[in-house]
Amino acid sequence: MKYQDGRRVCNICRETAVDDNPAAAEAAREVAALLKRAGVIMDGLPLRIALADADEIRSQRGVRTDFSSSTGPSAGAVLGFIRCRTEIGTEGGGASLGPSVRRVVEGVTILQGLPREMFVGTLAHELGHAWLFLASVDDARPWQEEGFCNVLSYLIHRHRSQQGNAEASFYLRCLEEDPDPVYGEGFRRVRAQLKSYGYAQALRFIYERGRFPSA
Ligand SMILES: [Zn+2]
């Protein structure tokens, strides 16, 4: 089948494709629950997922579009992005603290019609960017930021793979074997670091300090 934006999709991928908002919301609930178990809590973050086709994503201005992998079936495709903003309050947090700064994630946009396994991996990845933004991690290196986001995809695929999902195992292998210095090497470096600290402890460190632990 051919999508309107020119993408071609096979029948197997069509079967689980995430085309509409109810399907996206349902998959998002699963992703959020699994990430919460791993210690990635999105306090107050509304899981507003928008779907857009490749033409609509290309026409977006002022947002950072994102690849979730440089190998596998998604290689080179823009799969999603987050929309976020920083609000400077006027009344703020008291005279001595200066104006209050509030970070807001408005939502996540994901490429429409992805097969479900690719959708949940991409969503976890984009929620990683949202989490790092809310944690004020502003000067991470690209390999740390993208690597961290791919660790979240990895956690989702690993869980689903352990439940016998063959597609999840396929995406796990794509991550393990991705030669890209940012998305692949970065993923393996950040995973090793989080593992050595313990995931929950490392996540707390990053959230409280606004930076990754030094390697
Ligand atoms: Zn990314």
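Above this text is the structure in question.
Summarised in this report is the structure supplied together with it. Within any chain, residue numbers begin from 1 and follow the written order of that chain's sequence. A pLDDT threshold of at least 70 governs which residues receive local features in this predicted model, and a stricter bar of 80 or more applies before side-chain atom pairs are shown or counted, although totals over entire chains, interfaces and linings include all residues. Excluding hydrogens and water, the side-chain values take into account all heavy atoms of the structure.

**A closer look at the overall build of the protein**
Stage number 1. When helices and strands are counted, the protein shows 8 helices and 3 strands.
Stage number 2. Along the chain direction, N to C, the helices and strands of the protein fall in the order α-α-β-α-β-β-α-α-α-α-α.
Stage number 3. It only takes one pair of heavy atoms within 4.5 Å for two residues to be counted as in contact. Sequence-distant contacts, at least 24 apart, represent 65% of the contacts inside the protein between residues at least 6 apart.
Stage number 4. Accessible surface, the protein as shown: approximately 11100 Å² in total, 50% of it carbon and sulfur. Starting at the N terminus, helices and strands are each numbered in turn, a helix being any DSSP run of H or I of at least four residues and a strand any DSSP run of E of at least two. Here the open area of atoms and residues is found with the Shrake-Rupley method and a 1.4 Å probe, where only the protein chains shown may cover a residue.

**Digging into the pattern of salt bridges**
Side chains that differ in charge, positive against negative, can pair when their charged atoms come close.
Stage number 1. By definition, a salt bridge exists where a carboxyl oxygen of Asp or Glu is found within 4 Å of a side-chain nitrogen of Lys or Arg. Scanning the model with the defined rule gives 13 salt bridges in all.
Stage number 2. One salt bridge connects Asp19 with Arg14, and the closest N-O pair in it is separated by 2.7 Å.
Stage number 3. With a 1.4 Å probe rolled over the protein chains alone, any residue whose accessible area is under 20% of its type maximum counts as buried; one over 50% counts as exposed, and the rest are partly exposed. By relative accessible area, which is 30% here, Asp19 ends up partly exposed.

**Observations concerning the packing of aromatic side chains**
Stage number 1. Pairing of aromatic side chains requires ring centres within 6.5 Å, counting the rings of Phe and Tyr and the six-membered ring of Trp. Pairs whose planes differ by under 30 degrees are stacked, by over 60 edge-to-face, and all others tilted. Enumeration over the complete set of coordinates arrives at 5 aromatic pairs.
Stage number 2. Their ring planes at 75° and their centres at 5.8 Å tell us that Phe148 and Phe212 sit as a pair that is edge-to-face. Pair noted here: Phe148 is in helix α5 (residues 142-162) and Phe212 is in the segment after α8 (199-209), with a separation of 64 residues, a long-range link.
Stage number 3. Phe148 sits in the buried class, given a relative accessible area of 0%.
Stage number 4. Classification of Phe212 as buried rests on a relative accessible area of 6%.
Stage number 5. Ring centres of Phe170 and Tyr171 lie 5.3 Å apart, and the angle between their planes is 75°; on these two criteria the pair is classed as edge-to-face.
Stage number 6. In this structure Phe170 comes out as partly exposed when scored by relative accessible area, which is 33%.
Stage number 7. Owing to a relative accessible area of 11%, Tyr171 belongs among the buried residues under this scheme.

**Brief notes about the side chain of Asp53**
Stage number 1. Along the chain, the position of Asp53 falls in the loop between β1 (49-52) and α3 (54-58).
Stage number 2. Excluding residues within four positions of it along the chain, Asp53 makes contact with Asp5, Arg7, Leu111 and Gln112.

**Points about unusual backbone geometry**
Stage number 1. Of note, Ser136 is a non-glycine position whose phi angle comes to about 60°, a positive value.
Stage number 2. Given a relative accessible area of 34%, Ser136 falls into the partly exposed group.

**Description of the nonpolar core**
Stage number 1. Among the buried residues, those of types Ala, Val, Leu, Ile, Met, Phe, Trp, Tyr and Cys that are joined through side-chain atoms within 4.5 Å form a nonpolar core. Within the largest apolar cluster, 54 residues are counted, with the highest numbers of intra-cluster contacts made by Phe119, Leu123 and Phe148.
Stage number 2. It is helix α4 (residues 116-134) that provides the largest number of residues to this core, a total of 10 residues.
Stage number 3. Contact partners of Phe148, with chain neighbours within four places excluded, come to Gly128, Trp131, Leu132, Trp143, Val190, Leu194, Leu203, Ile206 and Phe212.

**Let's talk about the environment of Ser153**
Stage number 1. Mapped onto the fold, Ser153 is located in helix α5.
Stage number 2. Residue class for Ser153 comes out buried when judged on its relative accessible area of 3%.
Stage number 3. Separated by 26 residues in sequence, Ser153 and Leu127 place their C-alpha atoms 9.5 Å apart.
Stage number 4. When near neighbours in sequence (up to four residues on either side) are disregarded, Ser153 contacts Gly121, Ala124, His125 and Leu175.

**Digging into α5**
Stage number 1. For α5, which comprises 21 residues, the first-to-last C-alpha distance of 30 Å matches the rise-based estimate of 30 Å (1.5 Å per residue) to within 8%.
Stage number 2. A large share of α5 lies buried, amounting to 18 of its 21 residues.
Stage number 3. Once α5 ends, the next one or two residues include Gly164, with phi positive near 90°. For a helix, the expected span equals 1.5 Å multiplied by the number of residues minus one.

**Some words on the pairing of strand β3 (residues 101-111)**
Stage number 1. The criterion for strand pairing is that DSSP finds at least two bridges linking the strands in question. Relative to β3, β1 is paired through 4 bridges, and the arrangement is parallel. Residue pairing across strands places Ala50 opposite Thr109, the latter belonging to β3.
Stage number 2. In this structure, strand β2 (residues 80-88) lies alongside β3, joined through 9 bridges in antiparallel fashion. Pairing of Phe81 across the sheet is with Thr109, part of β3.

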